[in-house]
Amino acid sequence: MQTIKRKLAMLYDAIIVGGSFAGLSAALQIARARRNVLVIDAGSPRNRFASHAHGMLAQDGKPGTEILATAAKQLLAYPTAQIFKCKATAVTRKGNDFVVEVEDGARWFTGRRLLLATGVADNLPDVPGLQERWGSTVLHCPYCHGYELGGGPIGVLGVSAMSVHQALVVADWGDVTLFAGKAVSIDDEQRAMLARRKVKVEPVAVAALEGDAPAIDVGLADGRRIALRAVFVGGGVRPASPFAQMLGCAMDETPMGQTVQTDALKQTTVPGVYAAGDAAGMRHSISLAVGDGALAGTMLHQSLVAEDARG
């Protein structure tokens with residue numbers, strides 16, 4: 001990986017915090033516009049727990065790390081693009097510009113525009129055996145990983161009202177049991193919908209996920225064990241970074257958690273600050289993150305053009 005050739009006095013046209021799919025996609029648009037762009041990335045993409053990525057055009061089945069490595073290499077072929085592998089620790093506004101500090105405390109970078117592609121962190125339920133299976137047989141996105149299960153018995157772990165919707169969707173990938181426990185209240189209409197989708201409802205609480213990981217048995221509170229191919233869980237998300245709040249950006253409350261509020265041009269409520277990817281919406285996939293990043297990068301560039309033209 002290319003390291004940054006740092007010039008203390010350099011003012012970047014754009015600094016992007018987060019170098020996963022949305023961040024690199026945005027940076028590519030800015031670099032192709034011959035603008036100076038810096039990506040600061042801690043190297044912890046959300047999908048790092050999954051061995052392969054699926055559902056992305058021309059990249060189906062490739063490891064996410066391999067896709068990101070190729071994307072970074074292609075970005076760094078542009079002379080105005082740089083990637084700094086480090087964790088950003090603070091962002092502040094200084095006049096019309098933005099200052100990003102990094103973890104060693106001795107370095108900071110200044111940009112005319114700031115793009116937050118910091119992603120989200122998953123809220124996983126506190127169920128023994130779940131964490132070590134996350135990304136292998138405990139999953140959140142059937143579009144990303146459902147096909148590879150090959151059908152058969154699949155579980156949906158009830159954690160909120162959204163779990164009923166998840167069970168209805170996941171039923172296209174196998175024979176689904178919704179482990180409702182006490183966390184999910186199901187009304188008559190929902191129960192009828194689940195029945196039409198052939199989803200079984202298990203009211204007894206899940207005590208643990210058992211077996212030799214990644215194999216999975218659902219251990220119930222009454223002592224029963226149910227063998228499954230996988231369990232889906234949609235426990236919601238939280239921002240992986242506090243930077244949007246630090247800058248005063250408005251946040252949206254969604255059924256899946258907080259996201260950074262943006263307009264149709266990917267601009268946040270703070271002028272000069274853009275957001276893209278999982279952090280800026282509730283529909284999450286690599287393909288959507290790439291598209292969102294491309295839009296944000298393009299719109300960010302056009303804001304620079306408008307500013308330069310006004311003088």
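Before any of the text, the structure's been laid out above.
From a predicted model like this one, the values you see are computed outputs, not experimental measurements.

A. Up close: the environment of Arg34. With respect to the helices and strands, the residue Arg34 is situated in the loop between helix H1 (21-32) and strand E2 (37-41). On the basis of relative accessibility, which here comes to 74%, the residue Arg34 falls in the exposed class. Linking Arg34 and Gly129, residues 95 residues apart in sequence, is a C-alpha distance of 49 Å.

B. Inspection of helix H7 (residues 286-310) at higher detail. An ideal rise of 1.5 Å per residue puts 36 Å on 25 residues; H7 measures up with 36 Å between its terminal C-alpha atoms. Every buried residue of H7 is listed here: Ile286, Ala289, Asp292, Gly293, Ala296, Gly297, Met299, Leu300, His301, Ser303 and Leu304. On its buried face, H7 sits against strand E1 (11-17), H1, strand E6 (108-116) and strand E19 (273-275). Gly311 sits one or two residues past H7 and shows a positive phi near 80°.

C. Representation of the environment of Ala230 within the structure. Summarising the element assignment, Ala230 is placed in strand E15 (residues 230-232). Sequence separation of Ala230 and His145 is 85 residues, and the distance between their C-alpha atoms is 10.0 Å. Not counting chain neighbours up to four residues away, the residues in contact with Ala230 comprise Thr137, Leu139, Leu149, Pro153, Ile154, Gly155 and Ile216.

D. How the structure looks around the side chain of Thr268. Tracing the chain through its elements places Thr268 in the loop between strand E18 (257-260) and E19. Residue class for Thr268 comes out buried when judged on its relative accessible area of 5%. Ignoring sequence-local partners within four residues, the contact set of Thr268 consists of Cys249, Val260, Gln261, Thr262, Val273, Tyr274 and Ala275.

E. How the structure looks around the packing of H1 against helix H2 (residues 64-76). Following both chains from N to C, one finds H1 and H2 inclined at 20°, their axes separated by 10 Å at the closest point. Comparing their axes, H2 and H1 come out roughly parallel. H1 and H2 meet at a crossing whose hand is left-handed. Counted together, Phe21, Leu24, Ala27, Leu28 and Ala31 of H1 and Gly64, Ile67, Leu68, Ala71, Ala72 and Leu75 of H2 form the full contact between these two elements.

F. Just the pairing of strand E3 (residues 81-85), in detail. Within E3, four of the five residues are buried, which leaves the element mostly enclosed by the surrounding structure. In terms of strand pairing, E2 meets E3 through five bridges, oriented parallel. In the sheet register, Ile40 faces E3, and the bridge partner there is Phe84.

G. The packing of H1 against H7, seen in detail. Where H1 contacts H7, the two axes come as close as 7 Å, and the packing angle between them is 35°. Two packed elements cross with a definite hand, and for H1 against H7 that hand is right-handed. On H7, the residues touching Phe21, Ala22, Ser25, Ala26, Gln29 and Ile30 of H1 are Ile286, Ala289, Val290, Gly293, Ala294, Gly297, Thr298 and Leu300.

H. Focus on the environment of Leu209. Mapping Leu209 onto the fold places it in strand E12 (residues 206-210). A relative accessible area of 6% places Leu209 in the buried class. For Leu209 and Ala227, which are 18 residues apart along the polypeptide, the C-alpha to C-alpha distance reads 9.8 Å. If near-sequence neighbours (up to four positions away) are discounted, Leu209 is found in contact with Val127, Pro128, Gly129, Leu130, Arg133, Val138, Ile216, Asp217 and Val218.

I. Spotlight on the pattern of salt bridges. Using the criterion set out here, one finds 13 salt bridges in the structure. For Lys85, the salt bridge goes to Asp41, with nearest N and O atoms at 2.6 Å. Pair noted here: Lys85 is in strand E3 and Asp41 is in strand E2, with a separation of 44 residues, a long-range link. On the accessibility criterion, Asp41 (12% relative accessible area) is buried. Residue Glu210 is joined to Arg225 by a salt bridge in which the shortest nitrogen-to-oxygen separation is 3.2 Å. You can see Glu210 sitting in strand E12 and its partner Arg225 sitting in strand E14 (residues 225-228), a full 15 residues away along the chain. By relative accessible area, Glu210 is classed as partly exposed at 27%. Look at Arg225 and you get partly exposed, because its relative accessible area is 49%. Put simply, Asp13, Arg35, Arg112, Arg113, Glu307 and Asp308 are held in one network by salt bridges that share partners.

Reading guide: rules and limits
Residues numbered from 1 in each chain as written. Predicted model: local features only at pLDDT ≥ 70, side-chain atom pairs only at ≥ 80, totals over all residues. Heavy atoms only, no water. Helix = DSSP H or I, 4+ residues; strand = E, 2+ residues; numbered from the N terminus. Buried < 20%, exposed > 50% of the residue type's maximum accessible area, 1.4 Å probe, protein only. Expected span 1.5 Å × (residues − 1). Contact = heavy atoms within 4.5 Å. Axes fitted to C-alpha atoms, helices over the stretch in contact; angles between N-to-C directions. Parallel < 35°, antiparallel > 145°, perpendicular 65-115°, else oblique. Left-handed = near helix turned anticlockwise from the far one by under 90°. Pairing = 2+ DSSP bridges. Salt bridge = Lys/Arg side-chain N within 4 Å of Asp/Glu carboxyl O.

Distances and angles like these do not, on their own, reveal function.
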